[in-house]
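# Survey of secondary and tertiary structure
As a plain string of letters, each chain reads:
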Amino acid sequence: MAARGAEAEALFEAHTAAELRAVERRLRAGIEQKREELRQMVGERYRDLIEAADTIAEMRLSAERLLGAVRGLQRGGAARPGPAAPARPPAQESFYRAAAQLKLLLDVPEKVWGAVEAGRYLPAARLHLLGGHLRRQLQLDAPRASPILARFPILLRQVAAASHLRSTILQESKALLKSQTVSDQAVAEALCAIMLLEDSSPRQALADFLLARKLAIQQLLNQPHHGAGIKAQVCSLMELLTTTLYQAHALFYTMPEGMPPDPALPCGLLFSTLESTTGQHPAGKGGVLEDEVKLSSWFRYLPESVVEFRPALRTLAHPISQDYLRDTLQKWIAMCSDDIRAGVSNLLVYVKSMKGLAGIRDAVWELLTSESISQNWEAVCRRLLDKPASFWEDLLQQLFLDRLETLTKEGFDSISSSSKQLLTLALQELEVKSGTSALSKQIQFEHNVALFLWSESSGDLPSDAAWVNVANRGQFAKSGLSMKAQALTPCVQSFCSALDSKLKARLDDLLSYLPTDSSAAKEAAPTVQPRSAFDRYADAGTVEGLLRDHCVACIHHVLGCVREELQSAQSLLGGQADTPSDARLNAVLFMARLCQSLSELCPHLKQCILGQSGSAETALKETRSTKKLGKGKAQEVSPMQAKWQGVKAELLQQSLFAYQIWSSAVIKGLIQCFTRTLLLDTAGSVLATATNWDEIEIQEETESGNSITSKIRLPVQPSWYVQCLLFSLCQEVNRVGGHTLPKVTLQELLRTCMAEVLAAYEKLMEEKQEKKAGTFPMTQNRALQLLYDLRYLSIILTVKSEEAKTSRIKHDSRLEKVTDFLEGHIDPFDLDVFTPHLNSNLNRLVQRTSVLFGLLTGTENQYTSRSGALSSQELHNILPLASSQIRFGLLPLSMSSSRKSKSATRSTERVQVPPPVLTRADDEASRPGSLFRQFVTEEEDTAAPSLFKLGWLSGMTK
C-alpha cells in the first residue's frame, strides 16, 4: 500500500491534470480488455467441460444399451429349444466340473473382501465356509495327494490366504459388536458369523457380545476429555448401557411357550438369523451363491453340493434359558459398575462447577427419558432382570453427589481462607494509630463512628427515594442513611459485601442444580413428560443440606478467627497497666460490629442456610408474624430455621464478647483517672475539683414558737471529676455509635462502672479510717459533696432492670456502707435539715442532665409523667420534666406507643437468641437513637389513625 501511494504521488508530481486523465483512460481501457479476455477464456473452458460431460453421458448410455442387448441374447438363446447338445464323455464332464469349482474358488477371496468392506460379515463368513467346502471337494487340503495342485501350484497361495480371511472376518465382526449405533440385525449377523466360523454356542455368543460391550465401555471412559466432551462421554456411556440391554433382549431373549409374541418388542433375532442361514430350503431357493454368479456360463457345471451348500453348526443352537440370561446380565452389570464408577469419577474431576454437573445430569435425563429409550424400558428390564433398573440411581447419582460435595467444600474453604485474609488485612489497617496523618477516610470512620454518622455523602439516599416506595424496592437495596442509622461503617460494609458476593456466587452455582420452582415442576411433570426415567431433583434436600453444613462450617471458621483475635486482644489489653491503646480497641470494635451485622448485611448467608424452600417460607412468615407473636402462641421452628437462629446467636455472642472487651478497657482507663483524682488528699486538689453550691433560705421555729429565717449552703452540681467521668463515658459510647450498642453491653458497662466507682470510694473510706498524719481531714462540707456525688453516680449508673436485681442488691449493701461512712462526718441535726433539700437538688440535677448523659440514662424509663407537678414558677423545667427521653423530642412523631409495641414485637421476632439478648427488644423505643431505628425498620402503618406520619421519610432512609 505504501509503494502504491508513492507511485501515485510520483504521477501527480510528474504530470499535469490532462496527462493524468489520459493515463486514467488508458488504465481503464486495459482493465476492460483483461476482463474480456478472462470472460472468453472461462467461456471456452466451460464449453469444453460441458462437451466432456455430454460425451461421458453418451458413453454410459451406449454401454447400458449394449449390456441390455447381450442379456437379451442370453435369455433368448436359453429359451430357444435348440438341438440337443451332444453327450459329452464323463471325463470331459468331470473336467468341466473341476474347472467351474476352481473358477469359483478363485473368485471367493475377492467376494469375501468385498463383503467385509461393505460390512456384510455373515455373507462373508458363508462364502469363506463355501471356499472351505470347495477345497475339500477338490482335495486341496492334502497337497501331496492332490493331482489338481500338481497341475495348478498357484492354488497353494489360495489355501494359505484362507486362514487370513477367517481371522479378518472374526476381527471385524467382534469390532462391530462394540458399536452402539449399529442395528439389531447387523449385530445378529455378526454374532452368527462368529458362531459359524468358531462353531460356538449361543451362550458363547452372549459372552462374546457382553465382553465386546465391556471393552467398549472401557474405551469410552479412556477417551481424551476436554471440557464439554465429558457430557458427551457420560451420555454415550448411558446410551451404550441401555442399548446393550435392548439388544440383549432382541437377540437372546425367547418368549416362554404359550405366550404370543409382542410386535413392539421383537426377540430371538439371533436364533431366527441362524435358522435362515443354516436351515434347509427347497431346491434352488437356498445356497450361498449370489445371482450374479448364477448368470455366469460356467455356473451350470457346478455340482449340486456346491450350489445348494449351506453352512451348519456341529451342535444345535438351543435357546438360552431365562435364568441363565438373567444371571449373566446381572453379573455383567455388576462387573461394569466398578469400571463405570471409577471412570466417571475421574471424568467428573474435570467438571469445576455445579452448573456443569447439572448440565450433565439434565443431558442424561433427557437421553433416558426420550421416547426411543423409555418406551419399552420397564418391560425389557422385567423380562431380562426381573426387576426395574435405573442406571442414574444405581451408578451416577452418588458420584454426582460426591463431586458436588467436593466442589461445595472447596468453594467454602476458599471463602473461609479469603475471609480470614480479609479480616487480617482489615485488622492490620485498623491498628494504625489514630494520630497518623495518612489514614484513609474509611479508617477514620472506624476510629470515630460519630464522624461517620454525621458526615454526608451522595449515597445516603437512593436516587429514586422520592418516588419509589419501600415495598417496591429491591430486597437487598440498602441506602447509606440506613447504614449510618445502624452504625455500619464502610469497612464493615465492604467486608460483608465481599463475603456476600462470594456466597452469592456459590449459591447461584448450586441453584442451577436445584429446581427453579419445586411445586411447579412437580405439577407439570406428569403432563409434560409422562415417562420420566428418574427424578433428577430427588436429591435436592441432600444438596441443600451439604450447602447448609459447609456454609455453617465456613461461618464457624470465620468466627473462630474472630475469637482468636478477640482472645489475643483481651490478653493484651488486660495486661496493660495504663490506659489501653485506641488502635487495639478499634480492631475489637470492628469485630463487634462485624459479628453484629453479618446476618443482615449478608442476605445470601441466610439463603444458604435456610435453602430455597426455607427462605421462601421465612419470607412469608415474616410478613404475618408480627401480629401473631402477641397472642402467646408457640411458633413452630423448622430445623433449618433453628440452625439459622443458632448461627445468629453465635454471631451475636461473639459481638457481645467483643463489646465486653471494649467496655472493660474503657472503664479501666476512665476509672483510673477518677480514682486518682478522688484520692488526692490536699486542700488544693479539693478546691480544684469543687463546684458551685446553692444558698437556700429555710424557715425554722424557735422554742418560743417564733419563726426565723436562716440560710444553708448545699451542693447543686457534682464534682468536676464526676462530671468528667460521666461525660467521657458518654463520649466513648457516642464514639462507637451508642444508639446501636446492645442493651446487654450498655447495662454491663454501667454495672461495671458503678462497681469500680464504689471500689474507689471504699478505698477512700479505708484511707480515712486509718487517719494517717498529714492528710487532709474529712470536713462536713467535703463529706456533703462526696455524698452528693455518690448518690448522683448511683442514680445515673444503676441499671434498673429485672436482670440486675441481684447485682443491685450487692451494690446497695456496698453503697449503704460508704453512705453511712460519709454521713458519719455530718452533724445529725444538720443532716436532717439538709436531706430534703439535698434530694430535691439531686432529682433536679438528674432530670436536667438526662439529655446530656442520655446515652447512659436513656437505657431505662426512669421517670414517669410529671405533667401534674408543673407549676407556674417552674415553666423553665419543661425539658427536664418531659415524659419522653428521646433526644429529638421536638420532632412531630405521633403514635409513639404503638410504634414502640411494633418495634418490640418485630425485634423479638427478628432476633431469637438466649435470654440475655431477648430483653433487648423490651424497651427499644426508649433508647437513644430509637428515632433512627424507627426510620429504618418501621414500615408505614396504614391502620394507625395518625394525622402525621413519617412514611415518606422512612422510605427515603431505606
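Right, let's walk through the structure included here. Every chain is numbered on its own, with residues counted from 1 as its sequence reads. In keeping with the predicted nature of the model, local features appear solely for residues at pLDDT of at least 70, side-chain atom pairs appear and are counted solely at 80 or more, and the whole-chain, interface and lining totals rest on all residues. By convention in this description, side-chain values take in all heavy atoms of the structure and omit both hydrogens and water.

## A short note on the overall build of the chain
Secondary structure follows DSSP: runs of H or I at least 4 residues long count as helices, runs of E at least 2 residues long count as strands, and numbering of each begins at the N terminus. The helix and strand tally for the chain stands at 37 helices and two strands. Per-residue burial over the chain gives 44% buried out of 958 residues. By definition, residues are in contact when any of their heavy atoms lie within 4.5 Å. Summarising the internal contacts of the chain: among those between residues at least 6 apart in sequence, 80% fall at separations of at least 24. The buried label applies to any residue whose accessible area, calculated with a 1.4 Å probe on protein chains only, is under 20% of its type's maximum; exposed applies above 50%, and partly exposed to all values in between.

## A few points about a negative patch on the surface
Residues qualify for a patch when their relative accessible area is over 30% and they have no salt bridge, like charges being joined within 9 Å and the nonpolar side chains of Val, Leu, Ile, Met, Phe, Trp and Tyr within 5 Å. Here, Shrake-Rupley sampling with a 1.4 Å probe gives the accessible areas, and only protein chains in the shown set may cover a residue. For this document, the term salt bridge refers to a Lys or Arg side-chain nitrogen within 4 Å of an Asp or Glu carboxyl oxygen. The charge count includes Lys and Arg as positive and Asp and Glu as negative, but it does not include His or the ends of the chains. Charged groups are reduced to one reference atom each: NZ for lysine, CZ for arginine, CG for aspartic acid, CD for glutamic acid. A contiguous patch of negative charge, built from E44, D48, E51, D54 and E58, is present on the exposed surface. Relative to the elements of secondary structure, E58 occurs in helix α2 (residues 17–79). Using a relative accessible area of 53% as the deciding quantity, one classes E58 as exposed.

## Some details on the side chain of D539
Checked against the element boundaries, D539 lands in the loop between α22 (518–528) and α23 (540–575). The side chain of D539 sits in the buried core without any salt bridge; R361 is the nearest counter-charge, 4.8 Å away. Those residues in contact with D539, other than ones at most four positions away along the chain, are Q397, L401 and Y513.

## Structural notes on the nonpolar core
We call a set of buried residues a nonpolar core when its members are Ala, Val, Leu, Ile, Met, Phe, Trp, Tyr or Cys and they connect through side-chain atoms within 4.5 Å of each other. In terms of nonpolar packing, the biggest core is built from 219 residues, with F252, V364, L396, F590, W662, F674 and L797 touching the most fellow members. Setting aside anything within four residues of it in sequence, one finds F590 in contact with L423, A426, L427, L430, E446, C491 and V492. One finds F445, F452, L453 and A487 within the second-largest nonpolar core, a separate group that totals five residues.

## With respect to the packing of aromatic side chains
Aromatic contacts are taken between Phe, Tyr and Trp rings whose centres are within 6.5 Å, Trp giving its six-membered ring; a plane angle under 30 degrees counts as stacked, one over 60 as edge-to-face, and the others as tilted. Under the definition given, this model contains eight aromatic pairs. Linked through ring pairs, Y246, W377 and F391 together constitute an aromatic cluster. Two thresholds decide whether a charge sits over a ring: the Lys NZ or Arg CZ must be within 6 Å of the ring centre and within 35 degrees of the ring normal. The cationic tip of R203 hangs over the ring face of Y324; the distance from NZ or CZ to the ring centre is 4.0 Å. Positioned above the aromatic ring of Y513, the side-chain terminus of R361 is 4.3 Å from the ring centre.

## Comments concerning the pattern of salt bridges
Summed over all chains, the structure comprises 19 salt bridges. With its nearest N and O atoms 3.2 Å apart, the salt bridge here joins K214 to D339. In this pair, K214 sits in helix α8 (residues 202–221) while D339 sits in helix α13 (residues 322–348), placing the two residues 125 residues apart along the sequence. Judged by its relative accessible area of 14%, K214 is buried. Residue class for D339 comes out partly exposed when judged on its relative accessible area of 27%. The shortest N-O distance in the salt bridge between R326 and D323 comes to 3.1 Å. Placement of both R326 and D323 in helix α13 is noted, with a separation of three residues, approximately one turn of the helix. When salt bridges with common partners are traced through the structure, they connect D323, R326, D327 and D386 into a single cluster.

## Thoughts on helix α16 (residues 377–385)
Of all nine residues in α16, seven are buried; the element is thus mostly enclosed. Taken together, the buried positions of α16 are W377, A379, V380, C381, R383, L384 and L385. Where α16 is buried, its residues meet α9 (229–252), α13, α15 (371–374) and α17 (391–430). A positive backbone phi angle near 60° is found at D386, which sits one or two residues after α16.

## Brief notes about the packing of α8 against α9
Running from N to C, α8 and α9 cross one another at 175°; their axes reach a closest spacing of 10 Å. Judged on the interaxial angle alone, α9 and α8 are roughly antiparallel. Judged by residue contacts, P202, A205, L206, F209, L210, R213, A216, I217, L220 and L221 of α8 engage Q233, S236, L237, L240, L241, T243, T244, Q247, A248, L251 and F252 from α9. As a working rule, the residues Ala, Val, Leu, Ile, Met, Phe, Trp, Tyr, Cys and Pro are called nonpolar, Asp, Glu, Lys and Arg charged, and the rest polar, with Gly in that last group. Taken together, the residues of the contact of α8 with α9 break down into 15 nonpolar, five polar and one charged. Throughout, an axis means a line fitted to C-alpha atoms (over the contacting stretch in the case of helices), and angles, computed between N-to-C directions, take values from 0 to 180 degrees. Roughly parallel covers angles under 35 degrees, roughly antiparallel covers those over 145, roughly perpendicular covers 65 to 115, and oblique covers all other angles.

## Points about unusual backbone geometry
Although it is not a glycine, D199 adopts a positive phi angle of roughly 55°. Counting through the fold element by element, D199 comes out in the loop between α7 (184–198) and α8. One non-glycine residue, D386, lies in positive phi territory at about 60°. Along the polypeptide, D386 turns up in the loop between α16 and α17.

## Some points on a nonpolar patch on the surface
Taken together, the side chains of L38, M41 and V42 present a nonpolar region at the surface, about 270 Å² in accessible area. Within the fold, V42 resides in helix α2. Owing to a relative accessible area of 48%, V42 belongs among the partly exposed residues under this scheme.

## A word on the side chain of T243
Tracing the sequence through the fold places T243 in helix α9. According to the relative accessible area criterion, T243 is buried, its value standing at 17%. A 3.5 Å cut-off defines polar contacts: any pair of N or O atoms within that distance qualifies, except that in protein one atom must be a possible hydrogen donor and the other a possible acceptor, and neighbouring residues in sequence count only when both atoms are side-chain atoms. A distance of 2.6 Å separates a polar side-chain atom of T243 from the backbone oxygen of E239. Ignoring any residue separated from it by four or fewer positions in sequence, one finds T243 in contact with Q180 and R213.

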